[in-house]
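Chains, contacts and geometry: an overview
One-letter residues, chain by chain:
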Amino acid sequence: QVQLVESGGGLVQAGGSLRLSCAASGRTFSRYAMGWFRQAPGKEREFVAVIRWNGGITYYADSVKGRFTISRDNAKNTVYLQMNSLKPEDTAVYYCAADSMDMFAGPLRATMSDTYDYWGQGTQVTVSS
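All of these numbers come straight from a predicted model, not from anything done at the bench.

A few points about the sheet that holds strand β7 (residues 68-73)
Strand order in the open sheet formed by four strands is β1-β3-β8-β7, and the pairing between neighbours is antiparallel. In the strand order of this sheet, the two ends are held by β1 (3-7) and β7, each with one partner. The average undirected angle you get between the axes of adjacent strands in this sheet is 15°. Sheet analysis places strand β3 (residues 18-25) next to strand β8 (residues 78-83), joined by six bridges and oriented antiparallel. Each residue of the ladder has a partner; that of Ser21, found in β8, is Tyr80.

Some points on the packing of aromatic side chains
What the rule picks out here adds up to six aromatic pairs. With 6.2 Å between their ring centres and 50° between their planes, Tyr32 and Tyr118 make a pair best called tilted. One end of the pair, Tyr32, is in the loop between β3 and β4 (33-39); the other, Tyr118, is in strand β10 (residues 118-119), and 86 residues separate them in sequence. Considering the side-chain rings of Phe47 and Tyr59, the 6.1 Å spacing of their centres and the 35° angle between planes classify their relative orientation as tilted. Taken as a pair, Phe47 in strand β5 (residues 46-51) and Tyr59 in strand β6 (residues 58-60) lie far apart in primary sequence, twelve residues in all. Taking relative accessible area as the criterion, Phe47 reaches 9% and is therefore assigned buried. What makes Tyr59 partly exposed here is its relative accessible area of 27%. Grouping aromatic residues by their ring pairs yields a cluster made of Phe37, Phe47, Tyr59, Tyr116 and Trp119. Positioned over the ring face of Tyr95 is Arg45, at 4.0 Å from the centre of the ring. Stacked on the ring of Trp119, the Lys or Arg Arg45 has its end atom at 4.6 Å from the ring centre.

What counts and how
- Residues numbered from 1 in each chain as written.
- Predicted model: local features only at pLDDT ≥ 70, side-chain atom pairs only at ≥ 80, totals over all residues.
- Heavy atoms only, no water.
- Pairing = 2+ DSSP bridges.
- Helix = DSSP H or I, 4+ residues; strand = E, 2+ residues; numbered from the N terminus.
- Axes fitted to C-alpha atoms, helices over the stretch in contact; angles between N-to-C directions.
- Phe/Tyr/Trp six-rings, centres within 6.5 Å; stacked < 30°, edge-to-face > 60°.
- Buried < 20%, exposed > 50% of the residue type's maximum accessible area, 1.4 Å probe, protein only.
- Lys NZ or Arg CZ within 6 Å of the ring centre and 35° of its normal.

Here it is, written out as structure tokens:
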């Protein structure tokens, strides 16, 4: 079992930055790929970024590429999402998720929410214009 708790959300002006954290419990955290998704009001949940267990492979949605950076610290059981140059359209609840197969099926499969076994409860990010 893995439990995930997100933090770091808040209100920021357009062009600003936030860093989200996702703290995981469980001894096998370091074996999981970790992903970030987001869901805006009235919209489907969408993929943001994913990172393999050793941090060697990352993959991003086109909408955040070059602005967001995913990273992890396995010693701290934590994955991060550094978000820069934020836009109002980044406003959403952000969720982290754990993939016990560590992106075995490849990066495209990692963009699908049903790939993931565990989810956090989310943290709100609001970007004002």
